[in-house]
Amino acid sequence: MALIPSEAAIAAEVEMGADSSTVRATVVQASTIFYDTPATLDKAERLLAEAASYGSQLVVFPEAFVGGYPRGSNFGIIIGNRTEKGKEEFRKYHASAIAVPGPEVDRLAAMAGKYKVHLVMGVIERDGYTLYCTVLFFDSQGHYLGKHRKLMPTGLERIIWGFGDGSTIPVFETPIGKIGAAICWENRMPLLRTAMYAKGIEIYCAPTADARPVWQASMTHIALEGGCFVLSSNQFCRRKDYPPPPEYVFSGTEDDLAPDSVVCAGGSVIISPSGTVLAGPNYEGEALITADLDLGEIVNEKFTFDVVGHYSRPEVLSLNVRDHPTRPVTFTSAKTEDSK
């Protein structure tokens, strides 16, 4: 048991023995401090420091770690109506989100540079009055690289989060490999995965909120299909990690929950391109799950199956990706018009 000086004990699962041909990666399985973004950032730094002490070069945090995943909340939404209490809940949730760019992004960049790690962080992004479920990317020199916005929120998420577009499906070429991310159930969208494979993704990050055992099947399939390493990071949360009622209520289940009841069981995992589970899945508690990735394995598996290479049939099947931003309002200035 590796202890972090915080309120939580973090179990560390470390496969040691990396050499110069491998990348040491860690997926963080830990809970947000809900409605307290500064405290959540403090916790993120403690976790990042712990992972760096194991020699990790890449650290992946769960979906919505900064800003929080509003599990169990319905924000007072009924078809045709929204309650005043639900609107106040959204107001607090909106206040917990972060602007990109913004001071919290600057702090995350500084953390990545301080601990010399590539950082993939799940956040709730505030863009005006709309929220997005977003992943931010940082390199080990402390530079913000860019973001991915969740293309398709699931179920009631569609009421509280906006939709991403094709302009934020990046795969970043870094000294430790080509890194990208898809969030939770958008990992089940075949065309999105195909776009990421076409960009040459090697380390496929899958922050999620899905702790069901069946999630592991999707992660294994993506590793095999894409010939890439898959790093899936989920929160491990108990009821007490959220504010107590009546401030925060788990709709429909609150009466069945004790403070120590598990409301998200984790299941974070690291899988190789051959489908081999390298570390995890962990359903026991908060944990840092670490493995060494031999990027040479990608070549081995692509020899057998390259989904956008020799195993594609572009004369039969093809994909067109519109990767430009979609904007509701575009302004054309008079000056621009006059200069034509």
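These numbers were taken from a predicted model, which means no experiment stands behind them. (Residues numbered from 1 in each chain as written. Predicted model: local features only at pLDDT ≥ 70, side-chain atom pairs only at ≥ 80, totals over all residues. Heavy atoms only, no water.)

(A) Looking closely at the overall build of the protein chain. The secondary structure content of the protein chain amounts to eight helices and 18 strands. Relative to a compact globule of 340 residues, whose C-alpha radius of gyration would be 20 Å, the protein chain shows 20 Å and is just as compact. Taken over the C-alpha atoms alone, the protein chain extends approximately 70 × 55 × 40 Å along its principal axes. For the protein chain, the residues scored as buried account for 52% of the 340 residues in total. Contacts in the protein chain between residues at least 24 apart in sequence constitute 70% of all its contacts with a sequence separation of at least 6. Counting 31 positive and 41 negative side-chain charges, the protein chain places the centres of these two groups 6 Å from one another. (Helix = DSSP H or I, 4+ residues; strand = E, 2+ residues; numbered from the N terminus. Rg over C-alpha atoms; globule rule 2.2 N^0.38 Å. Buried < 20%, exposed > 50% of the residue type's maximum accessible area, 1.4 Å probe, protein only. Contact = heavy atoms within 4.5 Å. Lys, Arg positive; Asp, Glu negative; His and termini not counted. Charge placed at Lys NZ, Arg CZ, Asp CG, Glu CD.)

(B) Quick look at the pattern of salt bridges. In this structure the tally under the stated criterion is 20 salt bridges. Here Arg212 ties to Asp210 by a salt bridge, and the two come within 2.9 Å at their closest N and O atoms. Classification of Asp210 as buried rests on a relative accessible area of 6%. A salt bridge links Lys302 to Asp306, with the shortest nitrogen-to-oxygen separation between them at 3.9 Å. Asp306 matches Lys302 in its accessibility class, with the two residues each being buried. A single salt-bridge network, built from bridges that share partners, covers Asp42, Glu45, Arg107 and Lys114. (Salt bridge = Lys/Arg side-chain N within 4 Å of Asp/Glu carboxyl O.)

(C) Up close: the environment of Ala211. If you trace the backbone, Ala211 turns up in the loop between β12 (203-205) and α6 (215-226). Between the C-alpha atoms of Ala211 and Val23, which are 188 residues apart in sequence, the distance is 26 Å.

(D) Just the packing of helix α1 (residues 37-53) against helix α3 (residues 103-115), in detail. Remark: α1 packs on α3, axes separated minimally by 10 Å, with the N-to-C direction vectors making an angle of 15°. Accordingly, the angle class assigned to the pair α1 and α3 is roughly parallel. For the crossing formed where α1 meets α3, the hand is right-handed. Between α1, through Thr37, Pro38, Leu41, Asp42, Ala44, Glu45, Leu48, Ala49 and Ala52, and α3, the contact on the second element is made entirely by Glu104, Arg107, Leu108, Met111, Ala112, Lys114 and Tyr115. For the contact of α1 with α3, a count of residues per class yields 10 nonpolar, one polar and five charged. (Axes fitted to C-alpha atoms, helices over the stretch in contact; angles between N-to-C directions. Parallel < 35°, antiparallel > 145°, perpendicular 65-115°, else oblique. Left-handed = near helix turned anticlockwise from the far one by under 90°. Nonpolar A, V, L, I, M, F, W, Y, C, P; charged D, E, K, R; others polar.)

(E) Representation of the confidence of the model for the protein chain. The predicted model of the protein chain has a mean per-residue pLDDT of 92, with 92% of residues at 70 or higher. Counting interchain partners and residues more than four positions distant, the pLDDT-below-50 stretch residues 1-8 has 19 contacts. (pLDDT = per-residue confidence, 0-100.)

(F) Inspection of the UniProt feature "domain: CN hydrolase" (unreviewed entry) in the protein chain at higher detail. Taking the UniProt record as the reference, the feature "domain: CN hydrolase" (unreviewed entry) is found at residues 23-295. Annotated as residues 23-295, this span is 25% helix and 29% strand, and its ends, taken at the C-alpha atoms, are 8 Å apart. (UniProt positions renumbered as here; feature names shortened; annotations may be inferred.)

(G) Just the sheet that holds strand β17 (residues 277-282), in detail. Reading across from one edge, β10-β11-β12-β13-β16-β17 is the order of the six strands in this open sheet, with mixed pairing throughout. Only two strands of the sheet have a single partner each, and these edge strands are β10 (171-174) and β17. Adjacent strand axes in the sheet meet at a mean angle of 15° when their direction is disregarded. Relative to β17, strand β16 (residues 268-271) runs antiparallel, the two sharing three bridges. (Pairing = 2+ DSSP bridges.)

(H) Geometry of the pairing of strand β9 (residues 144-149). Across five bridges, strand β8 (residues 130-138) lies against β9 in antiparallel orientation. Looking across to β9, one finds that Leu136 is bridged to Lys147.

(I) Structural view of the packing of aromatic side chains. In total, this model carries 15 aromatic pairs according to the counting rule given. An angle of 75° between the planes, with centres 5.2 Å apart, marks the rings of Phe34 and Tyr248 as edge-to-face. Remark: Tyr248 occurs in the loop between β14 (236-238) and β15 (262-265) and Phe34 occurs in the loop between β3 (22-29) and α1; sequence separation between them is 214 residues. Of the two residues, Phe34 and Tyr248, both sit in the buried class. Look at Tyr242 and Phe250: their rings are 5.2 Å apart centre to centre, the planes differ by 80°, and that puts the pair in the edge-to-face class. In this structure, Tyr242 and Phe250 share a single accessibility class: buried. (Phe/Tyr/Trp six-rings, centres within 6.5 Å; stacked < 30°, edge-to-face > 60°.)

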